[in-house]
Amino acid sequence: MKMTRLISAILALSLLLSCMALLSGCGSDNQIVIYNWGQYMSDGSDGSEDLVARFEEETGYDVVLRYYESNEELYGLLTSGAIQCDLVIPSDYMIARLIEEGYLDKIDYANIPNYKYIMDAYKGMAYDPTDAYSVPYTWGTTCLIYNTKMVKEAPTSWNALWDTDYKGNVLMFRNSRDAFAIALQKLGYSINTTSETELRAAAAELVKLRENWQGLVMDETFEKMEGNNACMAPYYAGDFITMQEVNPDLDYVHPTEGVNIFVDAMCIPTGARNKAGAEAFINFMLEPDVGKANIEYIAYSTPNSAVYDLLDEETKNNPAMYPAEDVLAKAEAFSHWPEATNKLVSELWLEVTNG
Amino acid sequence: MKKLFSALWVGIIFLFLYFPLLVMVAFSFNSTTSKSVFTGFSLKWYAELFSDPQLMGALGNTLLVAVLAALVATVLGTAAAIGIHSYPKRARNAVMNISNVPIINPEIVTGISLMLMFVMVAGWLRLPMGFWSVLLAHITFNVPYVVLNVLPKLRQMNSHLYEAALDLGAPPRRALWRVVLPEIMPGIASGFLMSLTYSMDDFVITRFTSGNFQTLPVLIYTMLKKPLPLSVNALSALLFLMVLSILIAINVISAKRYKKEQKELAK
Amino acid sequence: MKTKKLSVPYLIWLTIFVVVPLVFVVYFAFQGENGFSFENFSSAVKYLPTLKKSLWYALGSTAVCLVMAYPTAYIFSRIRADRQKTMLLLIMLPMWMNFLLRIYSLTIILEKNGIINKLLGFVGLGPFNMMNTDGAVLLGMVYNFLPFMILPIYSVMSKIDNRLLEASSDLGAGALTTLRRVVFPLSFPGIITGIIQVFIPAASTFVISQRLGDGSMLIGDLIETFFIGSYTNFGVGSAISLVLMVLMLIFIGVLNLFDNEDVGDMLI
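Criteria and thresholds
Residue positions are given per chain, counting from 1 as you read along its sequence in written order. Each chain takes a letter, starting from A, and each ligand takes a number, starting from 1, following the order in which they are written. Residue-level local features of this predicted model are given only where pLDDT is at least 70; pairs of side-chain atoms are given and counted only at 80 or more, and the full residue set underlies all totals for whole chains, interfaces and linings. Here a strand is any run of E in DSSP of at least two residues, a helix any run of H or I of at least four, and the numbering for each starts at the N terminus. Burial in this document is a count-based property: other C-beta atoms within 10 Å of a residue's C-beta are tallied, and the residue is buried at 20 or more, exposed at 12 or fewer, or partly exposed in between, with C-beta positions derived from the backbone. Contacts here follow a simple rule: the backbone-placed C-beta atoms of the two residues must lie within 7 Å. Every radius of gyration here is taken over C-alpha atoms, with the globule rule written as 2.2 Å times N^0.38, N being the number of residues. When residue character is reported, Ala, Val, Leu, Ile, Met, Phe, Trp, Tyr, Cys and Pro are called nonpolar, Asp, Glu, Lys and Arg charged, and the others, Gly included, polar. Boundaries between domains were set according to an automatic or database domain assignment. Each residue after the first adds 1.5 Å to the expected span of a helix. Two axes define the bend at a residue: one fitted to the seven residues ending there, one fitted to the seven starting there, and the bend is the angle between them. At least two bridges found by DSSP between two strands is the condition for calling them paired. What we call a nonpolar core is a set of buried Ala, Val, Leu, Ile, Met, Phe, Trp, Tyr and Cys residues whose membership is set by joining through C-beta atoms within 7 Å. One number per residue, pLDDT, summarises how confident the predictor is, and it ranges from 0 to 100. To get an axis, a line is fitted to the C-alpha atoms, and for a helix only the part in contact is used. The angle between two axes follows their N-to-C directions and goes from 0 to 180 degrees. Should an angle fall under 35 degrees it is taken as roughly parallel, and over 145 as roughly antiparallel, whereas 65 to 115 is taken as roughly perpendicular and any remaining angle as oblique. Note on convention: near helix rotated counterclockwise from far helix by under a right angle means a left-handed crossing. Clockwise means right-handed.

Observations concerning the overall build of chain C
Then comes step 1: Counting its regular elements, chain C contains 13 helices and two strands.
Then comes step 2: Taken over the C-alpha atoms alone, chain C extends approximately 75 × 70 × 30 Å along its principal axes.
Then comes step 3: With 268 residues in all, chain C has 50% of them scored as buried.
Then comes step 4: Contacts in chain C between residues far apart in sequence, at least 24 positions, make up 73% of those at least 6 positions apart.

Some remarks on the overall build of chain A
Then comes step 1: When helices and strands are counted, chain A shows 14 helices and 11 strands.
Then comes step 2: Rg of the C-alpha trace for chain A: 22 Å, near the compact-globule value of 20 Å for 355 residues, within the 12% margin.
Then comes step 3: Within chain A, the proportion of its 355 residues that are buried is 49%.
Then comes step 4: Expressed as a percentage of contacts within chain A between residues at least 6 apart in sequence, the contacts between residues at least 24 apart total 77%.

Notes on the interface of chain A and chain C
The accessible area lost on association of the parts is a frequent measure of interface size.
Then comes step 1: Opposite the 26 residues of chain A that make contact, chain C presents 20 residues.
Then comes step 2: For the side of chain A that touches chain C, the elements supplying multiple residues, two or more each, are α1 (2-27), α3 (71-80), β7 (213-217) and α14 (339-354) of chain A.
Then comes step 3: Looking at which element gives the most residues to the side of chain A that touches chain C, the answer is α3(A), with seven residues.
Then comes step 4: Residues of the side of chain A that touches chain C, tallied by class, amount to eight nonpolar, 15 polar and three charged.

Brief notes about the domain arrangement of chain A
Residues and elements named next belong to chain A.
Then comes step 1: Assigned domains of chain A: these are domain 1 (26-138 + 263-320) and domain 2 (140-261 + 331-354).
Then comes step 2: The C-alpha centroid of domain 2 is placed 25 Å from the C-alpha centroid of domain 1.
Then comes step 3: Between domain 1 and domain 2, the contact holds 19 residues from the first and 17 residues from the second.
Then comes step 4: Those elements that place two or more of their residues in the side of domain 1 that touches domain 2 are α3 and α4 (92-100).
Then comes step 5: Among the elements that line the side of domain 1 that touches domain 2, the one with the most residues is α4, at five residues.
Then comes step 6: In the side of domain 1 that touches domain 2, the residues fall into eight nonpolar, six polar and five charged.

Here we look at the domain arrangement of chain C
Residues and elements named next belong to chain C.
Then comes step 1: Domain annotation of chain C identifies domain 1 (1-37) and domain 2 (47-266).
Then comes step 2: Between domain 1 and domain 2, the C-alpha centre-to-centre distance is 31 Å.
Then comes step 3: Facing five residues of domain 1, the contacting portion of domain 2 comprises six residues.
Then comes step 4: Its residues placed into classes, the side of domain 1 that touches domain 2 shows four nonpolar, one polar and no charged.

What to know about unusual backbone geometry
Then comes step 1: One non-glycine residue, Ala299(A), lies in positive phi territory at about 65 degrees.
Then comes step 2: Counting through the fold element by element, Ala299(A) comes out in the loop between α10 (288-298) and α11 (305-310).
Then comes step 3: Although it is not a glycine, Arg126(B) adopts a positive phi angle of roughly 50 degrees.
Then comes step 4: Topologically, Arg126(B) is positioned in the loop between α6 (107-125) and α7 (131-156).
Then comes step 5: Given 12 C-beta atoms within 10 Å, Arg126(B) falls into the exposed group.

As for helix α7 (residues 134-157) of chain C
Residue and element names in this part refer to chain C.
Then comes step 1: Over its 24 residues, α7 extends 33 Å from the first C-alpha to the last, a length consistent with the 34 Å expected when each residue adds 1.5 Å.
Then comes step 2: At Phe145, α7 is bent by approximately 45 degrees, the largest bend along its length, and proline Pro147 sits one to four residues beyond.
Then comes step 3: The buried count for α7 comes to 20 of 24 residues, which makes it a mostly enclosed element.

Describing the pairing of strand β8 (residues 232-236) of chain A
All names here are of chain A.
Then comes step 1: Within β8, five of the five residues are buried, leaving the element largely enclosed by the surrounding structure.
Then comes step 2: As paired elements, strand β5 (residues 134-147) and β8 share five bridges and run antiparallel to each other. For Leu144, the partnering residue across the bridge sits in β8 and is Pro234.

Comments concerning the interface of chain C and chain B
Then comes step 1: Each side of the interface is counted separately: chain C has 67 residues, and chain B has 66 residues.
Then comes step 2: When residues of the side of chain C that touches chain B are assigned to their parent elements, the largest contribution, 13 residues, is made by helix α1 (residues 8-29) of chain C.
Then comes step 3: Looking at the side of chain C that touches chain B, its residues break down into 45 nonpolar, 13 polar and nine charged.

A few points about the environment of Phe141(B)
Residue and element names in this part refer to chain B.
Then comes step 1: If you trace the backbone, Phe141 turns up in helix α7.
Then comes step 2: Note: C-alpha distance between Phe141 and Met56 (85 residues apart in sequence) is 25 Å.
Then comes step 3: With residues up to four places along the chain from it excluded, the contact list for Phe141 reads Pro102, Thr110, Tyr198 and Ile205.

Some remarks on the nonpolar core
Then comes step 1: Ile145(A), Val170(A), Met232(A) and Ile153(C) are the most contacted members of the largest nonpolar core, which totals 260 residues.
Then comes step 2: In this structure, Ile145(A) is in contact with Met225(A), Ala233(A), Tyr235(A), Phe240(A), Met243(A), Leu250(A) and Tyr252(A), ignoring residues within four places of it in sequence.

Notes on the confidence of the model for chain C
In low-pLDDT regions, the fine details of the predicted coordinates are not to be read closely.
All names here are of chain C.
Then comes step 1: Of all residues in chain C, 96% have pLDDT values of 70 or greater, and the mean over the chain is 89.
Then comes step 2: Across residues 263-268, confidence stays below pLDDT 50; counting only partners more than four residues off in sequence or on other chains, it has 18 contacts.
Then comes step 3: At the level of chain-chain contacts, confidence expressed as ipTM amounts to 0.91, with global pTM at 0.91.

Thoughts on the packing of helix α1 (residues 2-27) of chain B against helix α12 (residues 231-266) of chain B
Two measures define how a pair of helices packs: the angle their axes make with one another and the distance between the axes.
All names here are of chain B.
Then comes step 1: Where α1 contacts α12, the axes come no closer than 8 Å and their chain directions differ by 120 degrees. By the angle between their directions, the pair α1 and α12 is classed as oblique. Judged by the sense of rotation from one axis to the other, the crossing of α1 with α12 is left-handed. Side by side, α1 and α12 meet where Leu21, Met24, Val25 and Phe27 of the first sit next to Asn233, Ser236, Ala237 and Phe240 of the second.

Concerning the environment of Ala173(C)
Residues and elements named next belong to chain C.
Then comes step 1: Tracing the backbone shows Ala173 in the loop between α8 (162-170) and α9 (175-204).
Then comes step 2: Since 16 C-beta atoms lie within 10 Å of it, Ala173 is described here as partly exposed.
Then comes step 3: Residues Ala173 and Val243 lie 70 residues apart in sequence; the distance between their C-alpha atoms is 47 Å.
Then comes step 4: Setting aside anything within four residues of it in sequence, one finds Ala173 in contact with Ser168, Thr178 and Arg181.

Have a look at this one:
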């Protein structure tokens, strides 16, 4: 029958298309899939340089950019098998976890001559002692951002977030690790504690904070703070600089209890289809002028000595990007939690957010 | 009095439905990034929109998937409807119950169930989810709508038509092609259009089955998490304008036809 | 008859892409560390409050939609036929906008510094905290799903003959009695369809609560989290999805007891 023939023709067509998709999926060794944080690479907006476009032009690679909003989401994406990608930029503790669970591939440094620019201080970090899996991208600290016109006095401590005068006016991280860090520091505990009592106490603090917060946010913080829609938000110091350019009423403080100091690094997941391309991209990002353009756009601190040398004095002396010794002395880096703690924190976090 | 109240009520409903959309459209013409203070008229967000390769790429992907999925679903669904129509009642009900599952089930459940299967397949074949999985998922949720659009047309059709064609010596396939198909064409057409719209609009199922493949709704979703450029407003305005003009065209055509019918009735 | 064979490709399709995936969901839901077990369900028990909350939201938004939609549909069904078409198209127009954009449009106007607070400011009110509240989530649901309630109710009401209403009032029934005894029973199938079309997406949404809520999750967010969010756990996610699916099927089944029309046919 003609109809059945037509149907089989259409079915064959769809099969063919699937095959085409298959071919386009594995056939093109030209494509590099990069999963990055939002607002975390100079992309040509606001008069910056479109680095991906430049890379594509120089090398002929075809870059596909996708985004995640937290280390935890990235972990979910990599472990669920939902995506396939060639390059990711997780933070320290997540790198340690991904290495331990076998989700990262070793990097071939023969393809990354520019690695020589990485400062010694950022080599052999605890999360990747042999530097086999990660190349530092940026570093920075968390801070408390506030709107000078909307607070009664400049805050100095994380406690300000719990101040009921600001009910419905403060924001909070929508990821468990950063949120718990703030609660733990408020209580005077280490942000890497594995003590169940301390973590439960922190969760209780977050439950209390729930009454006060307007919402849980990640990059929505930009819009909320720039548009005077909230008075206070903990966020990453580099992003404060970007926000302040839009809204000069904003200011920040490194709270006295201490802050989190982090390193984000470029890594290649196992199963990457285009490892050579990913390595070429890493090398490209370490080029002094590329790194400079990138750092000027995202305003995070650089671990790249050649880039640092190119920065102007104002940037080098900006305490939000390069904090003073006393801030750094009290800043604590995340270390990788054991599986049991990860599980406990996941559960506590769901309790906090589910309320 | 009653009339005034009705008009007021309808006015409020329309204000409710349209106010947010109109604000969004209005600010697409803003000259700065602010979404609450109008600082001056500008078309720069429209220029930005068309020069954004990511948005344009996602738009292309969306159209590609929608057209392919609607085509396959229409053929598959029309054939299925013709077949199901001649089933005995009980078998028909049984098949229709399964067929309606993607319509009745919460979208998120359809999405995760397909994702579970696709991830397994992806693991076996070392073929990550992408265009193929989105296309298959879209066909799957489109076909039931085609079936539901075609079946009533088959029911309305005089069942003796097909038999008469056979009696007059037409081979079955020609009878289907020349007699049945023209009768049910309106159902097929509306099934196709419905598939097209559902496909272009779908976010939930695509979110779970797309891997790195990006359709417009998926892109908008990731954009919603970032400080949004007003080009998204511009995009909305254009979509709004497009839908509005299609609807007005349909309305004008059908109003003309209605008047014609009335005139003929009057004669 | 030979035409039956035409449905074979679709039957195969249904098996592969509808039945098998659901079998996967059931399999993962009952798959524990050592084979068959209920452990996913027992670890999902702690999310019951979230489920309850989602159902309340869904119920609330369905009720609000019904209250808003019923008079609207009635008014539409009683005006001139060519105007009815225009009204209907105006209701469908926002429906055709992508729903993410519709939610985005709500976030713009609800912000603390948004246009509503600006307008209220002119008359000396506010500013109110409207964004990131439970009310905003409810509003988002009503805003998104209202047309899905208006359309089916309208479509049955437009079939009610005006003469029937006239007969009712001629026989001495007041407006309210006519509404209660004539219009309401006749529009019942439309109401049932509307309720199904609003309740199910409202109960399972994950975008509305994320964009408009205060950070607490609904059941849809939870499922999303377990599949592509931060807590990849297909087992628990499948268990929750299975429970949600069964609940929705029961819900539809119960509603259908009141009404014998084929739900599938009504949904379009």
